[in-house]
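# Reading the structure
Next come the chains, spelled out residue by residue.
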Amino acid sequence: MGFCMGNFSSAVLPDAIKASIGETGIPKYGVKFDGTNSAGVRTYDAANLTWSPSTSSVAGIDEFKSILPFKTREVIRQYNSTSGARETLAYEGDTNYSSLVSSKTGDRMIEFTASYYRRTSENEYIVSPKTQDGFSINPAFWHGGKMYNHCAISKYNIGTGYVIQPGTATLVNTNMNTFRTNLRAKGLNLLDYQTYCGIAMLMLVKYANMNLQSVVGMGYNSGNTTYSSGNSDGVKGVDGSATSLTANEAVLTMGIENFYGNCWKYMDGTYTYSGNMYIKDVLDMTTDPSSTTDLSSYTKLSTGVITGASNSAIKNIAYDSTYNYLLYPVSIGSPNPSGDACWSANTLDLVYVGGSDWNGASDGLFAFRCDDTVGLPDVGAGGLAVEFYD
């Protein structure tokens, strides 16, 4: 007869014992926030896992990096014009990987494996690598009416010439239709808000903090310019920045450089009008809506987006009953647990997230703008690319 006492993860228990105490044997990793403070408390199988950021000189502690759904793989993918499809050239660690990196062949991507989530309130997130009661498919992996086993996000912000490689100038001041058209020519999509929020939930559990600038890195947040890709390449982990939390430099989150900061990120398939949010699957997008009449083909959310915001502190984020994975701001003021800010207008507007060099401490995972009219290029707006495959 065995006896266990103390604070430990149930993941160490045999399946038969877990079943006897109501555990399914399927891991789940959670975080709970209090709505006031930025730091949260990890729950379930995440409760005893530890994480700290890395720099170019020191590897942080990362007990999540080998665990699905947090485990990522760097992959080089490329469009094959003959087959009309994208294909994998190599994963990091493959024998041909280094030569492809040296020759700057293909697109450098960060691959995520399909997962599931449960959001029980505005302030609690739970994720799992396998389905279980009460969980839904992570929206990053559900597109075009089917579930994909993988999604991959560009390791770097999209560069001039639609290149995803280090040492490339960040492409900005280009409207979203142009981004979309040129990415589709190489089999890629512009990152959509559904996928962004799906990955953001993984980050919230891993970092257990709503203010990523305070725990992962400030990112490029000053200088009123955009920076070329690759500044984080020497970081000894998949999260952190080259020198310190407070430095104005690229920030790495789950292997992606500048998920926030550097430039605002276009969110394809998401628009706002007169305080309402409208969404469409990114795979169904061909062009921006040219008028409010075109919004009839979009889903109008029952929970409105914030209005009257101008660099305003975000107080609450959406907890829509149907689309509860979406993380847009619904009220402004204090407390401001994320430390992030938002901007809004009442016209037919684009959606940007993440902040830019212009925005300092207003940047972050929840930074949100819906104050530029559809079709407008912005000198501080660019994007990340995404693709879905099995």
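So, here is what we can say about the structure in this document. Everything numeric here is computed off the predicted structure, so don't read it as measured data.

Here is what the cut-offs are and how they apply
Residues numbered from 1 in each chain as written. Predicted model: local features only at pLDDT ≥ 70, side-chain atom pairs only at ≥ 80, totals over all residues. Heavy atoms only, no water. Helix = DSSP H or I, 4+ residues; strand = E, 2+ residues; numbered from the N terminus. Rg over C-alpha atoms; globule rule 2.2 N^0.38 Å. Contact = heavy atoms within 4.5 Å. Lys, Arg positive; Asp, Glu negative; His and termini not counted. Charge placed at Lys NZ, Arg CZ, Asp CG, Glu CD. Pairing = 2+ DSSP bridges. Phe/Tyr/Trp six-rings, centres within 6.5 Å; stacked < 30°, edge-to-face > 60°. Lys NZ or Arg CZ within 6 Å of the ring centre and 35° of its normal. Axes fitted to C-alpha atoms, helices over the stretch in contact; angles between N-to-C directions. Salt bridge = Lys/Arg side-chain N within 4 Å of Asp/Glu carboxyl O. Buried < 20%, exposed > 50% of the residue type's maximum accessible area, 1.4 Å probe, protein only. Core = buried A, V, L, I, M, F, W, Y, C linked by side-chain atoms within 4.5 Å.

## Here we look at the overall build of the chain
For the chain, the helix and strand inventory stands at 5 helices and 25 strands. In terms of overall dimensions, the chain is globule-like: its C-alpha atoms have a radius of gyration of 20 Å, near the 21 Å expected for 390 residues. For the chain, the spread of C-alpha atoms along the three principal axes comes to 70 × 50 × 40 Å. Taking all contacts inside the chain whose residues are at least 6 apart in sequence as the whole, residues at least 24 apart take part in 69%. Of the charged side chains in the chain, 26 are positive and 35 negative; the average position of the first set lies 3 Å away from that of the second.

## Some thoughts on the sheet that holds strand β14 (residues 251-253)
Strand order in the open sheet formed by 3 strands is β13-β14-β15, and the pairing between neighbours is antiparallel. Each edge of the sheet is formed by a strand with only one pairing partner; in this case those strands are β13 (240-241) and β15 (256-257). Sheet topology places β14 next to β15; 2 bridges connect them, and they run antiparallel. Bridge pairing links L252 to E257 in β15.

## Description of the packing of aromatic side chains
Considering all chains together, one arrives at 17 aromatic pairs under this definition. Relative to Y325, the ring of Y117 lies with its centre 6.2 Å away and its plane at 90°, an arrangement referred to as edge-to-face. Placement of Y117 in strand β6 (residues 116-121) and of Y325 in the loop between β19 (312-317) and β20 (329-332) is noted, with a sequence separation of 208 residues between them. Put simply, the rings of Y162, F179, W264, Y266, W343 and Y352 pair up and form one aromatic cluster. The ring of Y389 has R77 sitting right over it, with the charged end atom 3.7 Å from the ring centre.

## Let's talk about the sheet that holds β6
Spatial ordering of the open sheet is given by β2-β1-β7-β6-β8, a layout of 5 strands whose pairing is antiparallel. At either margin of the open sheet sits one strand with a lone partner, and together these are β2 (41-44) and β8 (136-137). With 4 bridges joining them, β6 and strand β7 (residues 124-128) adopt antiparallel strand pairing. The residue bridging R118 from the neighbouring strand is I126, located in β7. Taken strand by strand, helix α4 (residues 193-207) contacts β1 (29-32), β2, β6 and β7, and its axis lies near 100° from that of β7.

## Re the pattern of salt bridges
In the structure shown here, the tally under the stated rule is 14 salt bridges. R86 serves as the salt-bridge partner of E387, at 2.9 Å between the closest nitrogen and oxygen. Here R86 lies in strand β4 (residues 85-91) and E387 lies in strand β25 (residues 385-389), a separation of 301 residues in the sequence. On the basis of relative accessibility, which here comes to 3%, the residue E387 falls in the buried class. Two residues, R180 and D288, come together in a salt bridge whose shortest N-O distance is 2.8 Å.

## Observations concerning the nonpolar core
Counting residues in hydrophobic clusters, the biggest one holds 66 residues, and the most contacted among them are F112, Y193, F259 and F368. By residue number, the principal contributor to this core is α4, which donates 11 residues. Membership of the second largest hydrophobic core comes to 30 residues, among which are Y162, L171, Y278 and A381.

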